Amino acid sequence: MLRFAASGGAFKREVNTVMKLGIVGLPNVGKSTLFNAITNAGAESANYPFCTIDPNVGMVTVPDERLDWLAEQYQPKKKTPAVIEFVDIAGLVKGASKGEGLGNKFLSNIRATDAIVHVVRCFDDENVIHVEGNTDPKRDIDIIDLELIMADIEMVERRIEKAAKAGKGGDKTFLHEADVFRGLLEHLNNGQSARTYDCEPEDYALIQTSDLLSIKPIIYAANLDEATFSAGYEDYPYYLQVKEIADAQGAQVLPICAKVEQEIGELEPEERGMFLEELGIQESGLDRLIRCSYSLLGLISFLTCGSDECRAWTIKKGFKAPQAAGKIHSDFERGFIRAEIVAFDALKACGTMAAAKEKGLVRSEGKEYVMQDGDVTLFRFNV
């Protein structure tokens, strides 16, 4: 029996995996202010270290004009955008990897995230205490990086010991694993993060199984004061320090002003556009952060639509059609037959799905089809 589903049909849907971003940094760099602004979650923010002890969690919907258009056409019972989970992790300090400042607890919270948003203070303000005494973005980044690296060193040493023990009988797989991690250990001991370790792709894939902290993709959020952010930051020394480090690591840097984002977050949606226009800004920091996150993690969205629900689904670039179907329910992947797909832009140009079909723009794709961003999809399956 042939069955189909735009976004689940009569089958119970499995939980959709949510992208989780951990917001980290030294105390008093603007982490919680930024978190509050982008999530409206009301996390405590005060001018002293450790005001955030337990991680605050906020869910943010991913703006998608394509989904909005589909919802207008189909008038579904439910519209479900993709979401990102932000975790505001308490400020790290020197010695966190050894338990200083409740460091072990904070590091475990970072370990559960997909990527790190490292907020770096790039402003001077004598009224806001800096835990290190003065503003120095490079030093602050080095402090956080070193704590993550130190925590990773302990984990890598245990991995080497375990692999070496398993390889005593001459098993080449375990012996190779031990060699790979010995090379990584030397790299870490030189103060370099795991994400910058240069090795063969298959060896890097092996390293990624170890759940290291310093291997996580990272966005450096350069938190500027309002005057610098508005006037232009491209040549601002503090910002340039952050950008130089990000470029060397192949990371991303996001110039942002947490105070401005806080003001944006307090406005009604219809007022935000005017406020951004007055500031000469095209997008809010949240929108730019979402774009950075998708790019950093290699993510795209496909869309499903129908009278019951219109929904955006987040998947990895390179996913084939059955894998995308599995994001909705494992039955769809297991019993996959084909996917009926139309590019969103083509659908919008035609106005309706019927018109798109008449023009031959709705394609039937098989198991080897690689999903594209904005594919509007109907899966056919049989279980």
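Scroll up to find the structure this text is about.
The following refers to the structure shown. Every residue gets a number counted from 1 within its own chain, in the order that chain's sequence is written. Per-residue local features are limited, in this predicted model, to residues with pLDDT of at least 70; the limit for side-chain atom pairs, both in listing and counting, is 80 or more; totals at the level of whole chains, interfaces and linings are taken over all residues. Only hydrogens and water are removed before side-chain values are computed, so all heavy atoms of the structure are retained for them.

Description of helix α9 (residues 258–265)
Here's step 1: Regarding α9, the residues found buried are A258, V260, E261, I264 and G265. Looking down the long axis of α9, one finds its buried residues gathered within 155° of arc, a one-sided arrangement.
Here's step 2: Contact definition: two residues touch when any of their heavy atoms are within 4.5 Å. Strands here mean DSSP runs of E at least two residues long; helices mean DSSP runs of H or I at least four residues long; both are numbered from the N terminus. The inward-facing, buried residues of α9 contact α1 (31–39), β7 (218–223), α7 (226–231), β8 (252–256), α10 (269–279) and α11 (285–297). Burial classes: relative accessible area under 20% of the type maximum marks a residue as buried, over 50% as exposed, and values in between as partly exposed (1.4 Å probe, protein chains only). Directions from the helix axis toward the C-beta atoms define the arc.

Digging into the pattern of salt bridges
Here's step 1: By definition, a salt bridge exists where a carboxyl oxygen of Asp or Glu is found within 4 Å of a side-chain nitrogen of Lys or Arg. Using the criterion set out here, one finds 17 salt bridges in the structure.
Here's step 2: Taking the shortest distance from any N to any O, the salt bridge between K320 and E368 comes out at 2.5 Å. A residue pair is termed long-range when its members are at least 10 positions apart, and K320 in the loop between β10 (309–316) and α12 (321–328) and E368 in the loop between β12 (363–365) and β13 (375–381) qualify at 48 residues.
Here's step 3: A cluster of three or more residues bridged by salt bridges with shared partners is formed by D64, R66 and D373.

Quick word on the sheet that holds strand β3 (residues 56–61)
Here's step 1: In this scheme, strands are said to pair when DSSP sees at least two bridges between them. Taken together, six strands build an open sheet; the order of strands is β3-β5-β2-β6-β7-β8 and the sheet is mixed. On the outer flanks of this sheet lie β3 and β8, each paired with one strand and no other. Shown here is a sheet whose adjacent strand axes are inclined to one another by a mean of 25°, direction ignored.
Here's step 2: Strand direction decides the pairing type here: β7 and β8, joined by five bridges, are parallel. Paired with A221 across the two strands is L254, which belongs to β8.
Here's step 3: Here α11 sits on the sheet in contact with β2 (19–24), β3, β5 (83–88), β6 (115–121), β7 and β8, set at roughly 175° to β8. Fitted lines through C-alpha atoms serve as axes, helices being fitted only where they are in contact, and the angles separating the N-to-C directions of these axes extend from 0 to 180 degrees.

Brief notes about unusual backbone geometry
Here's step 1: Even without being glycine, Q75 reaches a positive phi, approximately 45°.
Here's step 2: Assignment of secondary structure puts Q75 in the loop between α2 (65–74) and β4 (78–80).
Here's step 3: Backbone geometry at D211 places phi at a positive 60°, although glycine is not the residue there.
Here's step 4: With respect to the helices, strands and loops of the structure, D211 is situated in the loop between α6 (201–207) and β7.

Here's the deal with the nonpolar core
Here's step 1: What is meant by a nonpolar core is a set of buried Ala, Val, Leu, Ile, Met, Phe, Trp, Tyr and Cys residues, joined one to another through side-chain atoms within 4.5 Å. Residues L70, F86 and Y220 are the most contacted members of the largest nonpolar core, which totals 75 residues.
Here's step 2: No other element matches α11, which puts six residues into this core.
Here's step 3: Sequence-distant contacts of L70, defined by excluding residues within four places in its chain, comprise L303, C305, C310, F344, L347 and V376.

Let's talk about the packing of aromatic side chains
Here's step 1: Two rings from Phe, Tyr or Trp (for Trp, the six-membered ring) form a pair when their centres are within 6.5 Å of each other. A pair whose planes differ by under 30 degrees is stacked, one over 60 is edge-to-face, and the rest are tilted. Tallied over the entire structure, the rule returns eight aromatic pairs.
Here's step 2: Between the aromatic rings of W69 and F344, the centroid separation amounts to 5.6 Å while the plane-to-plane angle is 85°, which identifies the pairing as edge-to-face. Pair noted here: W69 is in helix α2 and F344 is in helix α14 (residues 344–350), with a separation of 275 residues, a long-range link. The exposure classification of W69 matches that of F344, with both residues buried.
Here's step 3: Geometrically, the ring pair formed by F332 and F381 is tilted, given 4.4 Å between the ring centres and 40° between the ring planes.

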